[in-house]
Amino acid sequence: METLFDSRIRTGSCVATDPCRSWSPNSKHFRTTTLVSPCSINRYYDPTTDSFISVDPDLQSTDQAYVFTNDNPLNSTDPLGQCSLLSWNCWTFIAKKVVRVSVVAVELMNGNAPAAAKTLGKTIGGCLSGGAAFGIGAIGSVCAGATGNGMPFFSVTGGVGGGSPSAFLGVGGIFSNAQTPSELSKDFTYVGGSVGEGLSVGGEGAIGKAPNKKTIWVGSGSVNVGISPVPFEYHAGESWTWVG
Amino acid sequence: MQRLKSLDNNKGEPLHLFRGGMRYGSFNATMPLVRMEIYLDSFRLSSTFRMTRKLIPILTANYSDITYVQAVSSALGTGIRIRFISGVQSVVFWTSKPVEVLLVFQKLGVEVNPETAKFHFSDPER
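All values reported here derive from a predicted model rather than from experimental measurement.

Visitor: Sorry, what's going on with the overall build of chain A here?
Guide: Each helix and strand in chain A was counted, giving four helices and eleven strands. Expressed as a percentage of its 244 residues, the buried residues of chain A come to 33%. For chain A, long-range pairs separated by at least 24 residues make up 59% of all intrachain contacts whose partners lie at least 6 apart in sequence.

Visitor: Would you explain the confidence of the model for chain B in this entry?
Guide: Residues and elements named next belong to chain B. For chain B, per-residue confidence averages 86 on the pLDDT scale, and residues scoring 70 or more make up 90% of the total. Scored below 50 in pLDDT, residues 1-7 shows 17 contacts in the model against residues more than four places distant or in partner chains. For this predicted complex, the interface score ipTM comes out at 0.75, alongside a pTM of 0.67.

Visitor: Explain the nonpolar core to me, please; I cannot follow it from the model alone.
Guide: Inside soluble globular proteins, nonpolar side chains tend to come together where they are buried. M22, I80, V91 and F93 of chain B are the most contacted members of the largest nonpolar core, which has 30 residues in total. Here V91 of chain B is in contact with M22, Y24, L45, L59 and I82 of chain B, once residues within four sequence places are set aside. By size, the runner-up hydrophobic cluster in this structure holds 17 residues, among which are V104, A117, C127 and C143 of chain A.

Visitor: Mind showing me how you'd approach helix α1 (residues 98-107) of chain B here?
Guide: The α-helix advances 3.6 residues per turn, and as a result positions three or four apart in sequence lie on the same side. All names here are of chain B. Every buried residue of α1 is accounted for by P98, V101, L102 and F105. Taken around the axis of α1, the buried residues stretch over an arc of 100 degrees, which confines them to a single face. Among the exposed residues of α1, those pointing more than 90 degrees away from its buried face are V99, E100 and K107. Buried-residue contacts for α1 involve β1 (16-24), β5 (66-74), β6 (77-84) and β8 (112-118). Following α1 by one or two positions, G109 has its phi on the positive side, about 90 degrees.

About the thresholds
Residues numbered from 1 in each chain as written. Chains lettered and ligands numbered in written order. Predicted model: local features only at pLDDT ≥ 70, side-chain atom pairs only at ≥ 80, totals over all residues. Helix = DSSP H or I, 4+ residues; strand = E, 2+ residues; numbered from the N terminus. Buried ≥ 20, exposed ≤ 12 C-beta atoms within 10 Å, placed from the backbone. Contact = placed C-beta atoms within 7 Å. pLDDT = per-residue confidence, 0-100. Core = buried A, V, L, I, M, F, W, Y, C linked by C-beta atoms within 7 Å. Arc of directions from axis to C-beta.

Printed below as a string of structure tokens:
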């Protein structure tokens, strides 16, 4: 079956693992074989009935489990599958998020990382990092902050892998879904890079399984000083983190 | 790595000293790894720190070899570009005080292009 969609439900946030649909970038429709997600990143959607077929993740505030854009699909969009941009519930939802981010920002400005991490439900922290590579390379960092349950931590990470020729030292922050220090204390597979001119900015992503089988991801960003024969570097490998 | 000109004789104390970074062809060193020493008739770019001395090339040039200097700006920093009459086209010295450096060059008789150029990451000579 091929179903035509109009622009109201087109989004760029496709779920790569969704086997039911493929997006044709040069046309204004999805090719579908069955009930599909309109590239919603949170819910599945049935275009034949203009409604979602999985429960609204924000059911508590919308009180409607399956309705698409408050039954107003012609005038409204719901790119994330969470709320209609024309509905009061949606703006309440967005306002809650804004308030939450503001609270976290204030807590961080007050130097209260444990409270900020607990409000956010994520690990946040600051790091000093460094690395060098010439084909093969090593990275290292020391971080301090708080995990999602509000517990402070101090961590040391070392990693080996491959990378483009470069040497750098940086200061930055980390963000992770780890809830406890023990979830963060483990081995990760990492990939990262930086681009430099007067200063260089870098980022890195790492993923691994906690002892409780939970998938832990860690993202980090930093401002670096360094040298590179080309004005960018990339690296990847395996790292180990010890948390105290 | 090509040297502009070897002027590594003993020139005494520089008139001015700036710390910054350097973009030379595709090579990049961020601030504050490079020092610029300004003498009466020439300038010299070299490593700020002893431990990075072998990694950062030494570049020297007489002011008579310079076409002009001008400020450059990029997403990640500001600096000055020094364009040469022949050989190496240009070198960028990353600095947070581009105006200060330009004024020093101007006082020493180097032509200064008053327009700030946008630095192109993929084409640094542009």
